[in-house]
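Structural overview for review
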There are 2 protein chains.
Amino acid sequence: MTGSEDGLEDKGETENEGDGANGNEASRSEADRIDVPESHPRYESLLTRHRIEHGVEAGITSKQGLIAQGRGEAFDYLLGEETIPSADAAERAAAAQLLLADHPVLSVNGNVAALVPDELVELAAVVDAALEVNLFNRTDERMEAIADHLRAHGAEDVKGLAADARIPGLEHERGKVDADGIYEADVVLVPLEDGDRAAALGEMDKVEIVIDLNPASRSPRVATIPIVDNVIRAVPTITAHARELADADTDTLERIVDEFDADEALAAAEERIRNGEF
Amino acid sequence: MTGSEDGLEDKGETENEGDGANGNEASRSEADRIDVPESHPRYESLLTRHRIEHGVEAGITSKQGLIAQGRGEAFDYLLGEETIPSADAAERAAAAQLLLADHPVLSVNGNVAALVPDELVELAAVVDAALEVNLFNRTDERMEAIADHLRAHGAEDVKGLAADARIPGLEHERGKVDADGIYEADVVLVPLEDGDRAAALGEMDKVEIVIDLNPASRSPRVATIPIVDNVIRAVPTITAHARELADADTDTLERIVDEFDADEALAAAEERIRNGEF
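Residues numbered from 1 in each chain as written. Chains lettered and ligands numbered in written order. Predicted model: local features only at pLDDT ≥ 70, side-chain atom pairs only at ≥ 80, totals over all residues. Heavy atoms only, no water.

1. A word on the overall build of chain A
- Within chain A, the regular secondary structure consists of 12 helices and 8 strands.
- Classification of the 278 residues of chain A by burial places 61% in the buried group.
- When the accessible area of chain A is evaluated, it comes to approximately 10,500 Å², of which 44% is carbon and sulfur surface. (Helix = DSSP H or I, 4+ residues; strand = E, 2+ residues; numbered from the N terminus. Buried < 20%, exposed > 50% of the residue type's maximum accessible area, 1.4 Å probe, protein only. Areas by Shrake-Rupley, 256 points an atom, 1.4 Å probe, with all protein chains shown as cover.)

If you want it as structure tokens, here you go:
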């Protein structure tokens, strides 16, 4: 149904856009309520759609974010809407890399906050990482709304609001990060990142883990560990691997990271898109 | 950059969503203003993005419409962002079919109105077709806003508001059409149509011309003439063919229609997506 105005059954709620006045508790209960069982064949799509639309109402997902969501849906459709084996391997390598890190940070933008807030808070706890809000189109209102949303989902410490450091090579607003957050991080998870920022973070010699559904976009291509998968599946899968690897020794974790081949993973994703069911 | 929050350079205008208070004259001048020359390599993408975002501000593009726009962008990217030869052949057949029609109607939804208002008004004039607003998520406000937008772009008669007939096989709200419009039409152009409605219109034995960027979606698969192309290129191309064929005799027009092979066109688009540049 791609390209049509309406892709999935929805509830005719197209008129109430841009209402950022919802409280966070309302936000939380609304975002988690969906009237279909998990066994429904379109459950994941419906939940995703529901959360992203709610993100608009809560003032955390932008218009650009909705368009990006649609691009992701098309690539996910071509990937078969499942975690392909090379993506699972990338998610395992990401888990090992986050466990090896001294100072891991999970970067959060509007779409990610809307789609996987509980899942990010859980991953941060399991790998002992910080959460940092980082927006391409930074405004104080959206920064605050996203930080509030993460806190409503259980985050205790949310970075990004201090903005007391800069990523070199990016214009002022777009380079803003926290000195004790992304700026100092040795490993950063950047789901759904803009290509320029992904490249600039790479230039800082950080180990960069990118989640992006298009294997040809620049962000996964500059990543140390590119994960070509839907964030709604990728984040919980990284967490599951991290739990399983929690007691593994450093050698085991390093071997998992070393055995992961980024180019091979990108090629496998492209192959699936070109030759999968259509 | 697909999947990232921000695909193209934009102007940081992510906060002013959902403001439907803009007048139509403002609408018109705003929507047509874009600060890059036509020679810019991303001109078409930037113009598209600009128009669709403006559509949100004007209350004519829905959240679902923005997500659908993103899905379309991904498929257009895979198609090489150009009108492939099979699409041009489909556009020529569509022009011939519209010229042969006794009662052609161009169906208009929120995205189409935002993206190609002038182009639709021009095509309607060249093939002597009616314009009918037809929404999957019908509300009086959006119907009126879209009709006003088309009138601001030069449309004299806009159908769809009477809603005095029904497409059989669709639930009440979604089946609403005008008795002297889509209901009576022998040929309908439905750009970016929902699959259920495209199928229901096909059941009414209408000649259906569908524009959709995903050759696997149901709408182009049930169409008499599927056009796998971006509406922003497809509509002006149909118009150009119609102008060229304006004086052609009935036999010539019928031959053009007969020679077009829908299955072949869909296969060519799929082939391009699978094997094109990535």
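Right, picking up where we left off after that structure.
2. Quick word on the sheet that holds strand S3 (residues 158-159) of chain B
Residue and element names in this part refer to chain B.
- With respect to topology, 6 strands assemble into an open sheet ordered S3-S2-S1-S6-S7-S8, the strand pairing being parallel. Strand pairing shows two members of the sheet lacking a second neighbour, S3 and strand S8 (225-227), which therefore form its edges.
- Sheet topology places strand S7 (residues 207-211) next to S8; 3 bridges connect them, and they run parallel. Of the residues in S8, the one forming a bridge with Val 210 is Pro 226.
- The sheet contacts of helix H6 (residues 117-127) involve strand S1 (104-108), strand S2 (130-133) and strand S6 (187-191), and relative to S1 the element is tilted by about 175°.
- Taken strand by strand, helix H7 (residues 140-152) contacts S1, S2 and S3, and its axis lies near 150° from that of S2. (Pairing = 2+ DSSP bridges. Contact = heavy atoms within 4.5 Å. Axes fitted to C-alpha atoms, helices over the stretch in contact; angles between N-to-C directions.)

3. With respect to the environment of Val 112 of chain B
Residue and element names in this part refer to chain B.
- Mapped onto the elements of the fold, Val 112 is located in helix H5 (residues 110-115).
- Look at Val 112 and you get buried, because its relative accessible area is 0%.
- Between the alpha carbons of Val 112 and Gly 160 there is a distance of 15 Å; along the sequence they are 48 residues apart.

4. Describing the environment of Glu 132 of chain B
All names here are of chain B.
- Following the sequence through the fold, Glu 132 ends up in strand S2.
- Among the residues examined, Glu 132 registers a relative accessible area of 0% and is labelled buried.
- On a C-alpha basis, the gap between Glu 132 and Asp 178 in space is 7.9 Å, while along the polypeptide they are 46 residues apart.
- Look past the residues within four positions of Glu 132 in its chain and what remains in contact with it is Val 105, Leu 106, Ser 107, Val 108, Lys 159, Gly 160, Val 177, Asp 178, Gly 181 and Ile 182.

5. Examining the sheet that holds strand S1 (residues 104-108) of chain A
Residues and elements named next belong to chain A.
- With respect to topology, 6 strands assemble into an open sheet ordered S3-S2-S1-S6-S7-S8, the strand pairing being parallel. Looking along the sheet, the strands with just one partner apiece sit at the ends: strand S3 (158-159) and strand S8 (225-227).
- The sheet contact formed by S1 and strand S6 (residues 187-191) spans 3 bridges and is parallel. Residue pairing across strands places Val 105 opposite Val 188, the latter belonging to S6.
- Here helix H6 (residues 117-127) sits on the sheet and contacts S1, strand S2 (130-133) and S6; the angle it forms with S1, its principal contact strand, is near 175°.
- The sheet contacts of helix H7 (residues 140-152) involve S1, S2 and S3, and relative to S2 the element is tilted by about 150°.

6. Concerning a negative patch on the surface
- On the surface, Asp 249, Asp 251, Glu 254 and Asp 258 of chain A cluster together into a patch of negative charge.
- Secondary-structure assignment places Asp 249 of chain A in the loop between helix H10 (231-244) and helix H11 (250-259). (Patch = residues over 30% accessible without salt bridge, like charges linked within 9 Å, V, L, I, M, F, W, Y side chains within 5 Å. Salt bridge = Lys/Arg side-chain N within 4 Å of Asp/Glu carboxyl O. Lys, Arg positive; Asp, Glu negative; His and termini not counted. Charge placed at Lys NZ, Arg CZ, Asp CG, Glu CD.)

7. Observations regarding helix H3 (residues 63-78) of chain A
Residue and element names in this part refer to chain A.
- For H3, built from 16 residues, the straight-helix expectation of 22 Å at 1.5 Å per residue is met to within 8% by its first-to-last C-alpha distance of 23 Å.
- Near the N-terminus of H3, the side chain that reaches the backbone nitrogen of Gln 64, with its oxygen 3.4 Å away, is that of Ser 62.
- Among the residues trailing H3, Gly 80 stands out with phi positive, at a value near 90°. (Expected span 1.5 Å × (residues − 1). Polar contact = N/O pair within 3.5 Å; in protein donor to acceptor, adjacent residues only side chain to side chain.)

8. Things to note about H10 of chain A
Residue and element names in this part refer to chain A.
- Over its 14 residues, H10 runs 20 Å from end to end, which matches the ideal 20 Å to within 8%, given 1.5 Å per residue.
- The buried fraction of H10 amounts to 10 of the 14 residues, a majority that puts the element mostly inside the structure.
- Every buried residue of H10 is listed here: Val 231, Ile 232, Arg 233, Ala 234, Val 235, Thr 237, Ile 238, Thr 239, His 241 and Ala 242.

9. Here we look at the pattern of salt bridges
Residue and element names in this part refer to chain A.
- Under the counting rule described, the total for this entry stands at 40 salt bridges over all chains.
- Close ionic contact of Arg 174 with Glu 171 constitutes a salt bridge, the shortest N to O distance being 4.0 Å.
- For Arg 174, a relative accessible area of 15% gives the class buried.
- Residues Glu 193 and Arg 197 are paired through a salt bridge, measuring 3.1 Å at the closest nitrogen-oxygen approach.

10. Section: the packing of helix H4 (residues 85-100) of chain B against helix H11 (residues 250-259) of chain B
Residue and element names in this part refer to chain B.
- Close contact between H4 and H11 brings their axes to 8 Å; oriented N to C, the two are set at 135°. As the angle between them shows, H4 and H11 are arranged oblique. As H4 packs across H11, the resulting crossing turns out to be left-handed. Across from Arg 92, Ala 93, Ala 96, Gln 97, Leu 99 and Leu 100 in H4, the residues of H11 making contact are Thr 250, Leu 253, Glu 254, Ile 256 and Val 257. (Parallel < 35°, antiparallel > 145°, perpendicular 65-115°, else oblique. Left-handed = near helix turned anticlockwise from the far one by under 90°.)

11. Comments concerning the pairing of S7 of chain B
Residue and element names in this part refer to chain B.
- Counting buried residues along S7, 4 of its 5 residues qualify, which places the element largely inside the surrounding structure.
- Inspection of the sheet shows S6 paired to S7 by 5 bridges, in the parallel sense. Directly across from Val 188, in S7, lies its bridge partner Glu 208.
- You can see the chain leave S6, run along helix H8 (residues 195-203) and come back into S7, and the turn it takes is right-handed. (Right-handed = clockwise from strand over helix to strand, strands pointing away.)

12. A look at the confidence of the model for chain A
Residue and element names in this part refer to chain A.
- For chain A, mean pLDDT is 87; residues scoring 70 or higher make up 87% of the total.
- Contacts for the low-pLDDT stretch residues 1-31, under 50 throughout, to residues beyond four places or in other chains number 92 contacts.
- The ipTM assigned to the predicted complex is 0.82, against a pTM of 0.84. (pLDDT = per-residue confidence, 0-100.)

13. Let's talk about the packing of helix H2 (residues 43-57) of chain B against helix H3 (residues 63-78) of chain B
All names here are of chain B.
- Contact geometry for H2 and H3: axes closest at 11 Å, N-to-C directions at 170°. Between H2 and H3, the interaxial angle falls into the category roughly antiparallel. Two secondary-structure elements touch here, H2 through Glu 44, Thr 48, Arg 49, Ile 52 and Val 56 and H3 through Leu 66, Gln 69, Glu 73 and Asp 76.
- Along the lines of polarity and charge, the residues of the contact of H2 with H3 split into 3 nonpolar, 2 polar and 4 charged. (Nonpolar A, V, L, I, M, F, W, Y, C, P; charged D, E, K, R; others polar.)

14. A few points about the nonpolar core
- Judged by nonpolar contacts, the single largest core of 110 residues is most densely connected at Leu 106, Ile 227 and Ile 238 of chain A together with Leu 106, Ile 227 and Ile 238 of chain B.
- Excluding residues within four positions of it along the chain, Ile 238 of chain A makes contact with Glu 91, Ala 94, Ala 95, Leu 98, Leu 123, Leu 189, Ile 211 and Ile 227 of chain A.
- Formed by 22 residues, the second largest nonpolar core is a distinct cluster that contains Leu 79 and Ile 273 of chain A together with Phe 75 and Leu 79 of chain B. (Core = buried A, V, L, I, M, F, W, Y, C linked by side-chain atoms within 4.5 Å.)

15. With respect to the pairing of S6 of chain A
- Counting buried residues along S6 of chain A, 5 of its 5 residues qualify, which places the element largely inside the surrounding structure.
- What you see with S6 of chain A is no split at all: Val 187, Leu 189 and Pro 191 of chain A on one side and Val 188 and Val 190 of chain A on the other are buried throughout.

16. Examining the side chain of Thr 48 of chain B
All names here are of chain B.
- For Thr 48, the location among the structural elements is in helix H2.
- A polar atom in the side chain of Thr 48 sits 2.7 Å from the backbone oxygen of Glu 44.
- Here Thr 48 is in contact with Gln 69, Leu 115 and Ile 232, once residues within four sequence places are set aside.

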